[in-house]
Amino acid sequence: MAGFTKFHPLFLAVLAGLSAQAHANDALTSTNNSTSQTSNSADDSQDTVTVYGRALSVYRAQQASLATKTATDIDDTPQSIQVLPQQLIEDQGARQVTDLYRSISGVSQYSYSGVTFRGFRQDEILYDGMRGDPFNGFAIPQLFNIEQVEVLKGPSAAISGSGEPGGVINYTTKKPTYDTQRKLSVTAGNQDFVSGSLELSGAANDESTQRYRIGIYQDHENPARDNTDVRNRIIDLGYAWDFGDTTTVTAQFTDIIQHFGGARVRGIPTDDAGNFLTDIDWNANSASDYQDLEAQVYQLRVDHDFNAWLSGNVTARYYENQETQKYHEPVGFSDTDGDGEVDWSARQYRDQVRSNQAGALSANLIAELGQHTLLAGSDYYRVDQDYVYYRAKTADGVSGVSLQNPDYSDDASDYTLKLAKQTTSRSDRFGVYLQDQWAVNKQWNLLAGIRADLFDDEVHDLVGDETSSYNGSGVSYRLGTTYKISEQLHPYAVVASGFVPQDASDQAASNGGPFDPEESLMYEAGIRSYWFDNALNVNLAAYRTIKENILQSDPEDSDRLVAFGEVRSQGIEVDMLADLTENWTANLSYAYNDTVVKKAYDGITNAIGKRFSNAPHNQLGMWTRYDVSALNSSLGFGADYVSEQYNRSGQIVKSYVVYDTSWQTRWQQWQFQLNVKNLFDKEYAVSGFSNKTGHFPGERRRVYLTANYQF
């Protein structure tokens, strides 16, 4: 494809999992003795110095801004939040977001880059707290230019605007650095995987008032699924200026090309008990099928300190992308020879192009007034989308394909394609918000926030020559509190509301629209605790969420949508970081979730009481690392368990557990790392879509050997 250089090439009761980290042994002494200084309330005359063990120093951030848009200690944040730092990403050999789900309690894979988040499907991703995901749609976000991943559990509407009540994932992008950083990386692996990257960052002048970043990445692989090949190329550039001691301007540009051959890859057919009906590498797509993404992202941020107590920032983000899909879609499985065994998949051919142009603007003022931290801000987001969808069915020349001996000789150029949908749409979102963080005393903090949103959607259906418009407003709030009982126990509680206007493209009459916005309300209580001189950190959260007006594909017509009346989600989450010994650290995330339909659409009652699709009851992710100081090396082992779930058609998706391992060593300026994912090559499904498209299989065993050179 254009723009590419072509590369060829439980243990459930035990804390397990070991990994290598980028500077494991260099950092051993410093991290064991690292400190985090946290000011108490403004009337304190001295700071309290808290000494953390290695696990908390390496794998746990002490502050995050995603939940409040201010630099807030996580212990003072009255909502569940997780931060996956760069070292954890590197230790686990994560290349894309799907590699990290086991480290996020309450998150499991739904399809492509979409996740199940506390029982609800979540597709939207933030970048540096801003809307504007260039991978939106069916592309898979990559982690090459990501510094850390922040995860806020529960509604974020009171601070970030409309969003799913399960939570939101925010990518913090890599920025130009004051210190010089130069890194060359090469990776090779099975399934013909090859990647190479170069990252350069540092001062651009003697005073370091100007700084730069240059990042280039490319990979190529031929995954195990029949007819598939994948290529990614990312160019990531940044430049920052300091104007005196009060103002910093940071400009960034990212160019993305992603190619999935043999895609959009759907699932493997299964029976109602979740058993695969053919080889796990089977694919309904022909070798000529593909999904291509091209995107460009521009971002500019200005930070300014007006005086000692007042600061502000303005961020502008713009992206444009085009996603082209030409693929065969399985539309039902059948028994053609009457032997009682399903052996055939009917198919359609779909030719789709989605083009997006989107811009976001955000402005914030932060005032430190004694014991109050006040935030006032506003943001605006607009996205224009053009969508064209041609389709061919069996009568138009599309043949099915055998499950055992597939014949992919169909030539798509012989099909009679018919225009199925063509729409243009525009969505506008505008919000203003206020927030007060009040340090009542040394132990007690209160948070109150409110936000008002306006939305305006218009979609023009060019096939039916119909224009639909939908506008409205919403008010969201959040009230929370934290209390420091002791140095060991930090409980919190929060109530938060949320809403999500339906996508403009979903509002078309041809989809069954218009639809009312989704609305949600969540209650959450939790406690963060520290034990054994801060060698063990245990966080516990319990929540209950009610959500209304959820869109799902119509079981009777996959081209149309229906809205469920009400769905209830409730559960608990446990996250643990521990220093088991001086050289042995462990990271564990467990979640229990129960999401069921309470009111169904159009008075249909047979869905009431049923579990929501792809919402497992139990999940457990583990990762530990053991440092072998004498060999300047470390070993790692991890596990990921997901319990039984159901697809949209009510078919079982079986439970699974998979294991990973790693090894890392350093020699002079070199770092070598070996990662093995799905160690025992288990065949399993991560989620299911419908009985017409099958279950999404998990990755087969992957082996990666990486060499990094820092200079």
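Conventions used here
- Residues numbered from 1 in each chain as written.
- Predicted model: local features only at pLDDT ≥ 70, side-chain atom pairs only at ≥ 80, totals over all residues.
- Heavy atoms only, no water.
- UniProt positions renumbered as here; feature names shortened; annotations may be inferred.
- Helix = DSSP H or I, 4+ residues; strand = E, 2+ residues; numbered from the N terminus.
- Buried < 20%, exposed > 50% of the residue type's maximum accessible area, 1.4 Å probe, protein only.
- Areas by Shrake-Rupley, 256 points an atom, 1.4 Å probe, with all protein chains shown as cover.
- pLDDT = per-residue confidence, 0-100.
- Contact = heavy atoms within 4.5 Å.
- Pairing = 2+ DSSP bridges.
- Axes fitted to C-alpha atoms, helices over the stretch in contact; angles between N-to-C directions.
- Polar contact = N/O pair within 3.5 Å; in protein donor to acceptor, adjacent residues only side chain to side chain.
- Salt bridge = Lys/Arg side-chain N within 4 Å of Asp/Glu carboxyl O.
- 1 Å grid on protein atoms, 1.4 Å probe; cavity = no way out; pocket = protein on both sides within 12 Å on 5 of 7 lines; lining within 4 Å.
- Points joined across faces, edges and corners; volume = space filled by probe spheres on them.
- Nonpolar A, V, L, I, M, F, W, Y, C, P; charged D, E, K, R; others polar.

- Per an unreviewed UniProt entry, the protein goes by TonB-dependent siderophore receptor and derives from Vibrio olivae.
- Taken from UniProt, the Sequence similarities (unreviewed entry) comment for the protein reads in full: "Belongs to the TonB-dependent receptor family."
- In UniProt, the protein has this text filed under Subcellular location (unreviewed entry): "Cell outer membrane".

### Details of the overall build of the protein
Okay, so step 1: When helices and strands are counted, the protein shows 4 helices and 38 strands.
Okay, so step 2: Every one of the 711 residues in the protein was classed for burial, and the buried ones make up 58%.
Okay, so step 3: For the protein, the accessible surface area stands at approximately 28,200 Å², while carbon and sulfur atoms represent 53% of it.

### Some details on unusual backbone geometry
Okay, so step 1: Even without being glycine, F532 reaches a positive phi, approximately 55°.
Okay, so step 2: Looking at the secondary structure, you find F532 in the loop between β26 (518-531) and β27 (536-554).
Okay, so step 3: The exposure class assigned to F532 is exposed, which follows from its relative accessible area of 67%.
Okay, so step 4: For N614, which is not glycine, the phi torsion reads 55° and is therefore positive.
Okay, so step 5: Within the element layout of this structure, N614 appears in the loop between β29 (584-599) and β30 (618-628).

### A few points about the environment of R560
Okay, so step 1: Tracing the sequence through the fold places R560 in strand β28 (residues 557-581).
Okay, so step 2: Once the C-alpha coordinates of R560 and D506 are considered, the two residues, 54 residues apart in sequence, prove to be 8.8 Å apart.

### A look at the confidence of the model for the protein
Okay, so step 1: Averaged over every residue, the pLDDT of the protein is 88; the share at 70 or more is 89%.
Okay, so step 2: Confidence drops under a pLDDT of 50 for residues 1-46, and excluding neighbours within four residues, the segment shows 148 contacts in the predicted structure.

### What about the pairing of strand β37 (residues 694-697)?
The two faces of the sheet receive side chains in turn, since in a regular strand these alternate between them.
Okay, so step 1: Sheet analysis places strand β36 (residues 685-690) next to β37, joined by 4 bridges and oriented antiparallel. Directly across from A685, in β37, lies its bridge partner P697.
Okay, so step 2: Hairpin connection from β36 to β37: 3 residues lie between these consecutive antiparallel strands.

### Examining the sheet that holds strand β8 (residues 120-122)
Each strand in a sheet pairs with another by means of backbone hydrogen bonds, the pair being arranged parallel or else antiparallel.
Okay, so step 1: Pairing is antiparallel in the open sheet, where 3 strands are placed in the order β6-β7-β8. Where the open sheet ends on each side, the last strands, each with one partner, are β6 (107-111) and β8. Neighbour to neighbour, the strand axes of the sheet diverge by 40° on average, direction disregarded.
Okay, so step 2: Strand direction decides the pairing type here: strand β7 (residues 114-117) and β8, joined by 3 bridges, are antiparallel. Bridge assignment links F117 to a residue of β8, and that residue is F120.

### A word on the sheet that holds strand β5 (residues 81-84)
Okay, so step 1: One open sheet accounts for 4 strands, arranged β5-β10-β11-β9; its pairing is mixed. A single partner strand is all that each edge strand has here, and the edge strands are β5 and β9 (125-127). Strand-to-strand twist across the sheet, computed as the mean angle between neighbouring axes with direction ignored, equals 20°.

### Here we look at the pairing of strand β11 (residues 167-173)
Okay, so step 1: With 7 of 7 residues buried, β11 is to be regarded as a mostly interior element.
Okay, so step 2: Neither face of β11 is left uncovered, since the one carrying G167, I169, Y171 and T173 and the one carrying V168, N170 and T172 both have all their residues buried.
Okay, so step 3: Note: β9 against β11, 3 bridges, orientation parallel. Looking at β11, one finds that I125 is bridged to I169.

### Things to note about the side chain of T706
Okay, so step 1: By the secondary structure assignment, T706 is in strand β38 (residues 702-710).
Okay, so step 2: The exposure class of T706 is buried, given its relative accessible area of 16%.
Okay, so step 3: A polar contact of 2.8 Å, which involves the side chain of T706, links it to the side chain of T187.
Okay, so step 4: Leaving out residues up to four positions away in the same chain, T706 has contacts with S185, V186, T187, Q671, F672 and Q673.

### As for the environment of D575
Okay, so step 1: Looking at the secondary structure, you find D575 in strand β28.
Okay, so step 2: In this structure D575 comes out as buried when scored by relative accessible area, which is 11%.
Okay, so step 3: Measuring from C-alpha to C-alpha, the distance between D575 and R528 comes to 9.4 Å, with 47 residues separating the pair along the chain.
Okay, so step 4: The contact partners of D575, leaving out residues within four places of it in the chain, are Q82, S105, K153, N537, V538, N539, L588 and S589.
Okay, so step 5: For D575, the side chain forms a polar contact with the side chain of S105, separated by 3.1 Å.

### Let's talk about the pattern of salt bridges
A pair can form between side chains of opposite charge whenever their charged atoms are brought close.
Okay, so step 1: The full count for this structure, using the stated rule, is 38 salt bridges.
Okay, so step 2: Put simply, R266 and E329 hold a salt bridge, and the shortest N to O gap is 2.9 Å. With a gap of 63 residues between them, R266 in the loop between β16 (247-261) and β17 (290-305) and E329 in strand β18 (residues 310-334) connect regions that are remote in the sequence. Here R266 matches E329 in class, with each residue buried.
Okay, so step 3: One salt bridge in this structure joins D379 and R451, with 2.6 Å as the shortest N-O distance. Remark: R451 occurs in strand β23 (residues 444-461) and D379 occurs in strand β20 (residues 372-392); sequence separation between them is 72 residues. This pair shows no difference in class: D379 is buried, exactly as R451 is.

### Let's talk about the environment of S362
Okay, so step 1: Mapped onto the elements, S362 comes out in strand β19 (residues 344-369).
Okay, so step 2: Discounting residues that sit within four places of it in the chain, S362 has contacts with M130, N313, V314, T315, S378, D379 and Y433.
Okay, so step 3: Polar contacts involving the side chain of S362 include one to the side chain of N364, which spans 3.5 Å.

### Describing empty space enclosed by the protein
Okay, so step 1: Counted as a void, the second largest cavity has a volume near 550 Å³.
Okay, so step 2: Surrounding the second largest cavity, 26 residues form its lining, A94, R95, S185, T187 and T706 being those nearest its centre.
Okay, so step 3: Looking at the lining of the second largest cavity, the elements with two or more residues in it are α3 (86-91), β12 (181-189), β13 (193-203), β35 (670-677) and β38.
Okay, so step 4: Ranked by residue count, the leading element in the lining of the second largest cavity is β13, at 5 residues.
Okay, so step 5: Classifying every residue of the lining of the second largest cavity gives 8 nonpolar, 13 polar and 5 charged.

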